Structures are given as structure tokens and as C-alpha cells.
Amino acid sequence: MFPILRSQKGGYDKAEVLGRFEEYFVLLMEIKNGLSKDVAFDKMKEIKAKPLHKVKEGFFSKSGFSVEDTDNYISDLENQIIDALSNGDM
């Protein structure tokens, strides 16, 4: 389920954010289908290490997703992954 993310001038690039969410959702599904903890943690580190770029700011800037909203939701997704691994929901 996607949260409602506010738009923000100079926020995160929307396509990158949606791509990041998809990567986390795929990882959650892989965990539920039996992916090992070590591999799952490595994948989560790889996803987390990828930068999220902000759209250019200025008078004619585009709106991106709110940095605060996005960061909070990504943190929630990472916690869900850690919980799934800690609880043995594999």
C-alpha cells in the first residue's frame, strides 16, 4: 500500500521514489517466499545505498515528493523488512 505523499518544490524525483518503493516491496515478497536473512540484509543495504535525487529548485522547478514524507515511509518499509526477518516470517 502506498502512502499519500505530499508534493514539494525541489522534493525527491517521483520516478526514483516509486522505483525505490517497488524494490522494497519486491524484497518483502522475496522474504515471505523464503529468501535467506543474509541475502535479504545485503539487498536492503544495496537499495538503501542508492541515492534519491531531488528535482531542480528554482522558479520553473518541478514538484517532487516531500522529502519528509518519503524518508518516513522508507523508514517504515525498512522496519517492516527487519521485523519480517526478525520474526522469521520467511
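Residues numbered from 1 in each chain as written. Predicted model: local features only at pLDDT ≥ 70, side-chain atom pairs only at ≥ 80, totals over all residues. Heavy atoms only, no water.

(A) How the structure looks around helix H2 (residues 37-49). With 13 residues, H2 should reach 18 Å at 1.5 Å per residue; the first-to-last C-alpha distance of 18 Å fits that figure. Inspection of H2 places Ala40, Met44 and Ile47 among the buried residues, and these make up the whole buried set. Looking straight down H2, one finds that the buried residues subtend no more than 65° of arc, so they occupy a single side. Opposite its buried face, H2 presents the exposed residues Asp38, Lys45, Glu46 and Ala49, each directed more than 90 degrees away. Residues of H2 that are buried sit in contact with helix H1 (14-32) and helix H3 (67-86). (Helix = DSSP H or I, 4+ residues; strand = E, 2+ residues; numbered from the N terminus. Expected span 1.5 Å × (residues − 1). Buried < 20%, exposed > 50% of the residue type's maximum accessible area, 1.4 Å probe, protein only. Arc of directions from axis to C-beta. Contact = heavy atoms within 4.5 Å.)

(B) Quick look at the environment of Gly10. Checked against the element boundaries, Gly10 lands in the loop between strand S1 (7-9) and H1. Here Gly10 is in contact with Lys54, Val55, Glu57 and Lys62, once residues within four sequence places are set aside.

(C) Broad picture of the nonpolar core. Counting 21 residues, the largest nonpolar core has Val17, Phe21, Tyr24, Leu27, Ile31 and Ile81 as its most contacted members. Residue assignment for this core shows that the elements contributing at least two residues are H1, H2 and H3. Take this core: its biggest share by element is 7 residues, from H3. (Core = buried A, V, L, I, M, F, W, Y, C linked by side-chain atoms within 4.5 Å.)

(D) Examining the packing of H2 against H3 more closely. Two elements in contact, H2 and H3, have axes whose closest approach is 11 Å; the angle formed by their N-to-C orientations is 170°. When the interaxial angle is binned, H2 and H3 end up roughly antiparallel. Each of Lys37, Ala40, Phe41, Met44 and Lys48 in H2 lies in contact with H3, whose residues at this interface are Glu78, Ile81, Ile82 and Leu85. For the contact of H2 with H3, the residue count by class is 6 nonpolar, no polar and 3 charged. (Axes fitted to C-alpha atoms, helices over the stretch in contact; angles between N-to-C directions. Parallel < 35°, antiparallel > 145°, perpendicular 65-115°, else oblique. Nonpolar A, V, L, I, M, F, W, Y, C, P; charged D, E, K, R; others polar.)

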